[in-house]
Amino acid sequence: MGRLRDRTSPPGVVSALVTVTTSNPFFEPSDLPYELPPFARIRNDHFRPAFARGMADQLDEVVAIGACAEPATFENTVEALERSGTVLGRVCRVFFNKAATDTDEEIQALEVEIAPLLAAHDDALLLDSALFARLDTLYEQRGQLGLDSEQLQLLERHHTHRVRAGARLGPEQQRRLRELNAEIAALCTEFGQNLRSATAEAALVLERAEELAGLPEDQIAAAAANARALGHEGKFVLSLKNFSCQTELAALDDPALRERLLTASLGRGIDSNGPVAVSLATLRAERAALLGYPSHAAWEVADRTAGTTDAVEELLGRLVAPAVANAEREGAALAEAAGVAEIRAADWQYYSERVRKERFDLDAAALRPYLELESVLHDGVFHAAGLVYGITFTRRPDLVSYHPDARVYEVHDSDGSPLGLYIGDFHARESKRGGAWMDALVPQSHLLGHKPVVVNNLNVAKPPAGEPVLLTWSEVNTLFHEFGHALHGLFSDVRYPLLSGTRVPRDFVEFPSQVNEMWADWPEVLAHYARHHVTGEPMPPELPARLREAEKFGAGFRMVEHQAAAVLDWAWHTLSADGDVPGTDEAEAFEAAALERYGLAMAAIPPRYRTGYFAHIFSGGYAAGYYGYRWAEVLDADTVRWFRENGKTVRESGEIFRRELLGRGGSVDPLGAFRAVVGRDSELAPLLARHGLDG
């Protein structure tokens, strides 16, 4: 099967392509419903030979396409390219899901080994001169080929990807480009693994429950269960979430413990990942220059809906002043409540809760008994999807997932036809990275006959056995948000894998997920799931209104912490290859200077992510793209207004949103899809109103 290769082999891949003689579950399509990967049969030792076979097969396929004696056509070139790489696709999706959700030392070692090989493989595909010549011919003739709109979009995307990847560069430039891509891939993996270790090491181990005074009893029990799981029997462990301001800061009564917790959060990863971040930013700047762009940000944004760095900077600049002014008003109110001249960062969330309770008669802890996970999921998230889109969910305990915590649901459309599978994996564990996200284990494609299999991951602390899982309001919103990504994948209705589901520009991908957050406090939905987990009594009717009002207090803080992270990302990735690049020990100084330059150096409000643990941009796909959350929120806030004011029923509006946008994936212009729903270009006013900001 796998074998040594000739001129088509990228450097470094040859050693991975060993002869494969054993059976392997990745070599054939799964016989399970929806081609769910056969997790019960997959072992760690299947991954390496599957990667080897997958890369070898796809390189053979690409060489065959480029060497085809017949003139290039859409079918024998573009569509053939879409059919290539099936084995590699299967193993990549399962492996990287496992690396994120249930890793071990063997998987981490393979991750380090495979990252540069995959980067080299991608270069081999994107820089293949014979294939590009055929695509280039088709691209030049595209107006005369009689293609439908989706075929035309597919051809343009394949051509654009290769031009942006360096297909027009000379041999020496391509050689350096391949080196850069391999180095960047290896460093991204190193950053992620460093962060996992640093986060684990920074967890607070406490001796007595009394030290956790202020936390609800179920959270103290969860800290004890976490300690047992981590080998600290009889103690209590607060493990860190992936963002700066840990949720426990809002409740812990001990100011010294709050300071310890925030210090641990803010300091993790800087020693190991500061130099990695500098190296990544430097290499990305060099690559951008090689490709003809002034910075990595300019290269990234050119293929996003923003289009230019000026457009991004205009949006970021417009939001800074009102966000800071609002945050300063909030800070003054908190300092008064605390009886101090100036509020500390470690105390901000604690006194925010007290001000909210005093002003709005709302205690965040008092909400949690009404927000039990199973009720939120089934009677909230799934119920809302039924109201808006008519779909239903059925548990499939007969289908084995990749971890006992991950449960599988079959999804049916409004007419009863099968739509796909949804996997929910909601609990934190030592083998799982932090944060919340969506993945597709099987992307939808009519060409390949695939219905979607999508996964949602959260990191909710698991309580002792038999105890309910009570969520914070923030966690409820996160679940609705990630489910919005899942719907984007489930509703995909396109022919070609490259255009499937969430394969849209990075600054557009968060738009559907943010829209889905609206259903969390939609009156009909909230009333259906917000019931006391013991008594079954509904949440008192006055609480939702108070909750919405209380949410506005804190909007300044949330906007500033998010803006600060966005400008850090932007500062790292607007570096030019010939400009002043920080030294490997200067990450913190660079960060401080960037926040000062953008007017966001507020000691009491740290960035949502600091450089040492900013996985989105240094090990994920959001480099020069974290602004996209705010960019997408402009569209989101406008769409929420459309849902509320368009005069149609929720079900009618949902069908429009699904048909014109969610189902189209990357097959249409994304802003055109937005206009097809709302009827016009977006406006900023709804976003400002949402956050209580003045324009």
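Before reading on, note that the structure itself is shown above.
Figured I'd write up the structure that's included with this text. Keep in mind it's a predicted model, so treat the numbers as computed, not measured. (Residues numbered from 1 in each chain as written. Predicted model: local features only at pLDDT ≥ 70, side-chain atom pairs only at ≥ 80, totals over all residues. Heavy atoms only, no water.)

## Structural notes on the pairing of strand β5 (residues 418-427)
Okay, step 1: In terms of burial, β5 is a largely internal element, nine of the ten residues being buried.
Okay, step 2: Hairpin geometry of strand β4 (residues 407-412) and β5 is characterised by an intervening segment of five residues between the two adjacent antiparallel strands and by a positive phi of about 90° at glycine 416.
Okay, step 3: Note that β5 and strand β7 (residues 453-460) share six bridges and pair parallel. Bridge pairing in β7 links tyrosine 422 to valine 454. (Buried < 20%, exposed > 50% of the residue type's maximum accessible area, 1.4 Å probe, protein only. Helix = DSSP H or I, 4+ residues; strand = E, 2+ residues; numbered from the N terminus. Pairing = 2+ DSSP bridges.)

## Details of the pattern of salt bridges
Okay, step 1: Tallied over the full model, the rule gives 50 salt bridges.
Okay, step 2: Here aspartate 638 makes a salt bridge to arginine 680, at a shortest N to O gap of 2.7 Å. One end of the pair, aspartate 638, is in helix α23 (residues 628-645); the other, arginine 680, is in the loop between α25 (670-678) and α26 (685-690), with 42 residues separating them in the sequence.
Okay, step 3: The class of aspartate 638 is buried, set by a relative accessible area of 0%.
Okay, step 4: The salt bridge partner of glutamate 683 is arginine 680, with a shortest N-O separation of 4.0 Å.
Okay, step 5: For arginine 680, a relative accessible area of 27% corresponds to the partly exposed category.
Okay, step 6: Salt bridges sharing common partners tie together Glu172, Arg175, Arg176, Glu179, Glu183 and Glu286. (Salt bridge = Lys/Arg side-chain N within 4 Å of Asp/Glu carboxyl O.)

## What to know about the side chain of glutamate 410
Okay, step 1: In this structure, glutamate 410 sits in strand β4.
Okay, step 2: You can call glutamate 410 buried: its relative accessible area is 13%.
Okay, step 3: Leaving out residues up to four positions away in the same chain, glutamate 410 has contacts with Tyr34, Thr392, Phe393, Thr394, Arg396, Pro418, Gly420 and Leu421. (Contact = heavy atoms within 4.5 Å.)

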